[in-house]
Amino acid sequence: MTARVIDGRAEAALLRAQIAERVAVLQARPGLAVVLVGDDPASAVYVRNKDRAAKAAGIAVETLRLPANTSQAALLELIGRLNADPAIDAILVQLPLPAHIERRAVIEAINPAKDVDGFHPANLGRLVDGMPTLVPCTPLGVMKLLATAGMPVAGTRALVIGRSPIVGKPMAALLTNADATVTLAHSRTRDLPEECRRAQIVIAAAGRAEMVRGDWIGRGATVIDVGINRLEDGRLVGDVAFSECLSHAGAITPVPGGVGPMTIACLLENTVLAATHRRGRE
Ligand code: GUN
């Protein structure tokens, strides 16, 4: 058996084309502010990709690059200005932030209606309660990839590896809302390989290069790899040992070209959603 490789780039291109069509018929272009503090090289690449994708979709994106020594007070003041700016529909503060800035304080300062990352406690609370809301982009992209893989979620056993507030926890909530039986595994989980073998859906979001091995994967399982890890030899790999898992899984996402492009497409979708909601209320 060789797994079907899920083409995240192709799915993201389809979604981005649909978003560009929706943007084209809006009266005013949606406004997205992307804030990057410091010079983390990976974050700089992600932000550049978000900026380019937003421009290509017709979104009015403004990327604000602040020095690493920016104070928390200055960042909160900037967010206050963006919250009050009627041309800005959507705000994203790239994570991680420098150590002297408290992530929670920054996220809580963002107007939940403009929180296109879906990280504000109000949005995460709505998500857990199954209410319509802005949903974190990576887990949202994973749900779309599961749908395109033809993987029914309801009634399946799903394992999420990693309990970060960005991916693991909202991912577990989305899968639960979609009627999967969800296990949320983490660094203290006992016998992770056995937990993995029982799952029909495996979402790897632990941030550890190639930790999920081929013999952890149950026959025909769908494997979604959220990891992006740079090896010492320069290669980019996921949290899944891709070539080993190919002969066990039914469907699998590659790295790169799997979840990453969908995360960006979902950011654009959330931006359009935030813009249309806000304008509907104005
Ligand atoms: N850093 C890694 N992933 C993300 C994300 O989805 N949003 C933000 N803001 N920062 C991130």
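Okay, so let's go over this structure. What you see is a predicted model; the values in this text were computed from it and never measured.

About the cut-offs
Residues numbered from 1 in each chain as written. Predicted model: local features only at pLDDT ≥ 70, side-chain atom pairs only at ≥ 80, totals over all residues. Heavy atoms only, no water. Helix = DSSP H or I, 4+ residues; strand = E, 2+ residues; numbered from the N terminus. Rg over C-alpha atoms; globule rule 2.2 N^0.38 Å. Buried < 20%, exposed > 50% of the residue type's maximum accessible area, 1.4 Å probe, protein only. Contact = heavy atoms within 4.5 Å. Areas by Shrake-Rupley, 256 points an atom, 1.4 Å probe, with all protein chains shown as cover. Disulfide = S-S within 2.5 Å. Pairing = 2+ DSSP bridges. Axes fitted to C-alpha atoms, helices over the stretch in contact; angles between N-to-C directions. Near = heavy atom within 4 Å. Polar contact = N/O pair within 3.5 Å; in protein donor to acceptor, adjacent residues only side chain to side chain. Nonpolar A, V, L, I, M, F, W, Y, C, P; charged D, E, K, R; others polar.

**Notes on the overall build of the protein**
Of regular secondary structure, the protein possesses 10 helices and 11 strands. Its C-alpha radius of gyration of 19 Å places the protein within 12% of the 19 Å reference for a compact globule of 282 residues. Summarising its shape, the C-alpha atoms of the protein cover approximately 55 × 40 × 35 Å along the three principal directions. Scored against the burial criterion, the 282 residues of the protein give a buried share of 49%. Considering only contacts in the protein between residues 6 or more positions apart, those separated by 24 or more positions represent 72%. Working note: accessible area of the protein is about 13000 Å², and carbon and sulfur atoms make up 52% of it.

**What to know about the state of the cysteines**
Think of a disulfide as a covalent bridge from one cysteine sulfur atom to another cysteine sulfur atom. Applying the stated criterion to the full structure yields 0 disulfides. Free of any disulfide, Cys245 has its nearest cysteine sulfur in Cys196, 7.9 Å distant. Judged by its relative accessible area of 0%, Cys245 is buried.

**Digging into the sheet that holds strand E3 (residues 60-66)**
Reading across the sheet, the 3 strands line up as E3-E2-E4 and stay open at both edges, with parallel pairing between neighbours. Each edge of the open sheet carries a strand with a single partner, namely E3 and strand E4 (90-93). Along the sheet, successive strands turn relative to each other by an average axial angle of 15°, direction set aside. Summarising the sheet, strand E2 (residues 31-37) and E3 pair through 7 bridges and their orientation is parallel. From the neighbouring strand, Gly31 faces E3, where its bridge partner is Ala60. Here helix H2 (residues 41-56) sits on the sheet in contact with E2, E3 and E4, set at roughly 160° to E3. Running over the sheet, helix H3 (residues 72-84) touches E2, E3 and E4 and is turned about 175° from E2.

**Some words on the site of the ligand**
Around the ligand sit Lys50, Leu92, Val93, Gln94, Leu95, Asp117 and Phe119, and that is every residue in its neighbourhood. Separating a nitrogen atom of the ligand from a backbone N or O atom of Val93 is a distance of 2.8 Å. At 3.3 Å, a side-chain N or O of Gln94 approaches a nitrogen atom of the ligand. Protein burial of the ligand: of its 280 Å² of free accessible surface, 84% is covered by the chains. Residues of the shell around the ligand, tallied by class, amount to 4 nonpolar, 1 polar and 2 charged.

**Here's the deal with the side chain of Asp117**
Within the secondary structure layout, Asp117 lies in the loop between helix H4 (103-109) and helix H5 (121-128). Each residue touching Asp117, except ones within four places of it in the same chain, is listed here: Leu92, Val93, Val135, Pro136 and Cys137.

**A closer look at the pairing of strand E7 (residues 201-204)**
Residues Ile201 and Ile203 point to one face of E7 and Val202 and Ala204 to the other, with burial holding for every one of them. Relative to E7, strand E5 (residues 157-161) is paired through 4 bridges, and the arrangement is parallel. Looking at the pairing, Val160 lines up with Ile203 of E7. Here E7 pairs with strand E8 (residues 222-225) via 4 bridges, running parallel. The partner of Ile201 across the bridge, within E8, is Thr222.

**Description of the sheet that holds E7**
Strands sit in the order E1-E11-E8-E7-E5-E6 across an open sheet of 6 strands; the sheet is parallel. Single-partner strands in this sheet number two, and they are strand E1 (4-5) and strand E6 (181-185). Along the sheet, helix H6 (residues 137-148) contacts E1, E7 and E8; its crossing angle with E8, the most-contacted strand, is approximately 150°. Relative to the sheet, helix H7 (residues 168-177) contacts E5, E6 and E7, its axis offset from that of E6 by approximately 170°.

**Remarks on H7**
Within H7, 7 of the 10 residues are buried, which leaves the element mostly enclosed by the surrounding structure. Of all the positions in H7, only Gly168, Pro170, Met171, Ala172, Ala173, Leu174 and Leu175 are classed as buried. In this fold, the buried residues of H7 make contact with H5, H6, E5, E6 and E7. Once H7 ends, the next one or two residues include Asp179, with phi positive near 70°.

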